[in-house]
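Observations on chain architecture
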Amino acid sequence: MADVVHPVHGEVHRHPAPTGFIRKWVFSTDHKVIGIQYWCLALFSVFIGMALSLLMRLQLGWPGEEWGFLKTLFPNAAENGTISGELYLSMLTMHGTIMVFFVLTTAPQGGFGNYFLPIQIGADDMAFPVLNMMSFWITFLALVVLISAFFADSLAPMFGMTAASNVIGPIGGWTGYAPLSALGEKAGPGQGLGVILWITSIALFCIASLLGALNFITTMLNMRAKGMSLMRLPLTCWAWFTTAVLALLSFPVLLAAGILLLLDHLAGTSFFIPGNSYVNGKLITEHSGGSPILWQHLFWFFGHPEVYIAILPGMGLTSHILATFARKPVFGYRVMVYALFSIGLLGFFVWGHHMFISGMSPYSAIAFSLITLTIGVPSAIKTFNWLGTLWGGQIRFTTPMLFAIGFVSLFVSGGITGLFLGQTSIDLPLHDTYFVVGHFHLIMGVAAIFGMFAGTYFWFPKMFGKMMNEGMGKLHFFITFIGVNAIFIPMHIMGMAGATRRYSFHFNPVTGEGLHYLSNMTPLTRFVSYAAFFTIAGQLIFLVNLVWSWAKGRKASENPWEATSLEWTIPSPPPHDNFAGILPEVHRGPYEYSVPGAPRDFMMQSEPGAAEVHGD
């Protein structure tokens, strides 16, 4: 890639500041407003996802227990106050879909990326502001469609379908495995209109993500300020760029698969439905020739890069924050860039490790296994470089720094357990157990969310002009860090004991029903549930801190963290066109800390004069 910059882009892409409320805050083309909209959408979604996980933990800890509030909350799906197997599976499906698409994919890229990529490269907006606005509103529409699946029971008769009264959406999990997801109502409750709404939502999300990816790639390649060469970019920008490339290549595959699934559902095709399937006591004869394994190939060709779409922005942000608060340059900047790309590239060749138990050839499984383990190399490089960045630094233990360190810890914990699942012989017995649940929640879910928390605490002063409360922030960190480890590490033990995932309960000590070999796991299962309640309650501290800081927080200065990248050279919050019409010129790399002979322990990227010491 050539280090080409376009110093006159500001005059080309500038658009006037909106005056009316609708154009300023609703249908805005300002990348900062759109970034906040994405962030708010993700915040709303994460609380829905957490509420669903809370209900699932109630069922897993105390199976068959009658909870009075459920009668009010789900008068049709839980009319006797208990959570049936079908209701549990629909909660599981909606929880996974909301968290993966509308939280883990949306906040780090759509939220922080939209807000800070243009500012960090010295641009006044994204390359295509209208496309950017459309991308957000299509994402919003996708969320509305998915939320409407909660009410599929009431909506089904309007479309001539049978109401599924004991579920709140589809029951096939966030992976929507065929053929059950393709057969419609005959496959079970929620598999009719619920699945149609689910597929439609995913398809809309894919379209929005493609628009966003094109915008990110074009913006970073074409709109960098004078002097902002590729090797002077903050690692956050590299992470958002790599994520956009992954999204551009993987979401079209999921979009195509979703359309084929919808055709199987509505048009009588048989892309994913084999002949003579026997489902719910009935022989399915109207379909033939389809392959449910084809759906798995298409889904996981998207699904594994999706893991990196969720976590790469967190890697970039963690690198950025560790250097800022260790007051040291990033250790091995260029190697970190190459490691980011390597992880993204290798992520496209390992989807088969999700399908070891599908009956694939053992030779193919060995190939997928070897490539999967190869990803450990760039991942280890990043981890060692993070430790190298911290080593000997003058560390400031602020709240964003604590969450960044927490990200490293969770990434390592989740990554190590991934090495076990990358081995075919070990994956086979563990694949359908809680070992996998613990692994992917640590590496993809919680680590990525720690990256989001780090970004929120770090950039809140710039976004809203107020400092977040450090006391509440640190309390929030310790509760969350202890809580997530108490939830997900025991799940690995449960998995090794054979605790199956996707089951609404394992053993009921009151009735004696269930898997008797797991009867001794009841105390551990309840411990995990208590830990989940503790952790979810801790998130209310974050919510209170957000609202209180926004309303009453201490006014933030232009550069409260004494950081070096371009967003800290403009007022907090930034003006409409970021740099007030004066595009910055960049003179050095983004991590010039503890420079010998410098008057301060940091040098801004736009600061002229002294020698360029690091990052070039």
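The rules behind each value
- The residue numbers shown here count from 1 along each chain, following its written sequence.
- Under the rules for a predicted model, residues below a pLDDT of 70 receive no local features and side-chain atom pairs below 80 are neither given nor counted, while totals for whole chains, interfaces and linings still include all residues.
- Values reported for side chains reflect all heavy atoms of the structure, with hydrogen atoms and water molecules removed beforehand.
- Under the scheme used here, helices are H or I runs from DSSP no shorter than 4 residues and strands are E runs no shorter than 2 residues, and both carry numbers assigned from the N terminus.
- Only heavy atoms enter the contact rule, under which two residues are in contact if any of them lie within 4.5 Å.
- Relative accessibility thresholds used throughout: buried, under 20% of the residue-type maximum; exposed, over 50%; partly exposed, between the two (1.4 Å probe, protein chains only).
- Pairing of N or O atoms within 3.5 Å defines a polar contact, subject to two protein rules: one partner must be a possible hydrogen donor and the other a possible acceptor, and residues neighboring in sequence count only if both atoms are side-chain atoms.
- Of the two site types, the cavity is a set of points on a 1 Å grid over the protein atoms alone where a 1.4 Å probe fits but cannot get out, and the pocket is an open set with protein on both sides within 12 Å along at least five of seven lines, each lined by residues with an atom within 4 Å of a point.
- Grid points are joined across faces, edges and corners, and a volume is the space filled by probe spheres set on the points.
- All amino acids are sorted into three groups, where Ala, Val, Leu, Ile, Met, Phe, Trp, Tyr, Cys and Pro are nonpolar, Asp, Glu, Lys and Arg are charged, and the leftover types, Gly among them, are polar.
- In a helix, the anticipated span is given by 1.5 Å times the number of residues less one.
- Only buried residues count toward a nonpolar core, which is a set of Ala, Val, Leu, Ile, Met, Phe, Trp, Tyr and Cys residues joined through side-chain atoms within 4.5 Å.

A few words now on the side chain of Thr500. Relative to the elements of secondary structure, Thr500 occurs in the loop between α19 (470–496) and α20 (522–552). Here Thr500 is in contact with Asp432, Thr433, Tyr434, His506, Leu515 and Tyr517, once residues within four sequence places are set aside.

Here the focus is the environment of Glu562. Secondary-structure assignment places Glu562 in the segment after α20. Given the relative accessible area of 31%, Glu562 is considered partly exposed. Distance from Glu562 to Tyr593, taken between C-alpha atoms, is 9.6 Å for residues 31 residues apart in sequence. The contact partners of Glu562, leaving out residues within four places of it in the chain, are Arg327, Arg396, Tyr593 and Phe602. A distance of 3.0 Å separates a polar atom in the side chain of Glu562 from a polar atom in the side chain of Arg396.

What follows is about empty space enclosed by the protein. Within this structure, the stated rule accounts for seven cavities of 30 Å³ or more. Taken as a whole, the largest cavity encloses approximately 220 Å³ of empty space. Counting residues per element, the ones that place at least two in the lining of the largest cavity are α6 (106–121), α7 (129–148), α10 (193–222) and α11 (235–266). Looking at which element gives the most residues to the lining of the largest cavity, the answer is α10, with six residues. Within the lining of the largest cavity, the residues separate by chemical class into nine nonpolar, eleven polar and no charged. In this structure, the second largest cavity encloses a volume near 100 Å³. Contributing to the lining of the second largest cavity are Leu60, Gly61, Pro63, Ala499, Phe505, His506, Phe507, Pro509, Leu518, Met521, Thr522 and Thr525.

This next bit is on the side chain of Asn578. One can find Asn578 in the segment after α20. In this structure the side chain of Asn578 is engaged in a polar contact, spanning 2.9 Å, whose partner is the side chain of His31. Within the structure, the side chain of Asn578 is placed 3.2 Å from the backbone oxygen of Asp124, a separation counted as a polar contact. Once you skip the residues sitting within four places of it in the chain, Asn578 turns out to touch His31, Lys32, Pro118, Ile119, Ala123, Asp124, Asp125 and Ile570.

Time to look at α19. For α19, spanning 27 residues, the distance from its first C-alpha to its last is 39 Å, which sits close to the expected 39 Å at 1.5 Å a residue. At the N-terminal boundary of α19, the capping side chain belongs to Asn469, with an oxygen 3.0 Å from the backbone nitrogen of Gly471. Downstream of α19 by one or two residues, Gly498 has phi in the positive range, about 95°.

What follows covers the nonpolar core. Core analysis: the biggest nonpolar cluster contains 188 residues, and Met91, Phe101, Leu233, Trp238, Phe251, Met315 and Trp459 have the highest contact counts within it. Examining the composition of this core, we find that 18 residues originate from one element, helix α18 (residues 434–464), more than from any other. Filtering out sequence-adjacent residues up to four positions away, Leu233 remains in contact with Ile121, Met220, Arg224, Met228, Trp238, Tyr333 and Pro590.

Another aspect to go through is unusual backbone geometry. Between Ala178 and Pro179 the backbone carries a cis peptide bond, its omega angle lying at 10°. Relative to the helices and strands, Pro179 resides in the loop between α8 (152–155) and α9 (180–183). Following Ser572, the chain continues into Pro573 via a peptide bond in cis, with omega recorded as -5°. Secondary-structure assignment places Pro573 in the segment after α20. Even without being a glycine, Asn578 presents a positive backbone phi close to 70°. For Asn578, a relative accessible area of 0% translates into the label buried.

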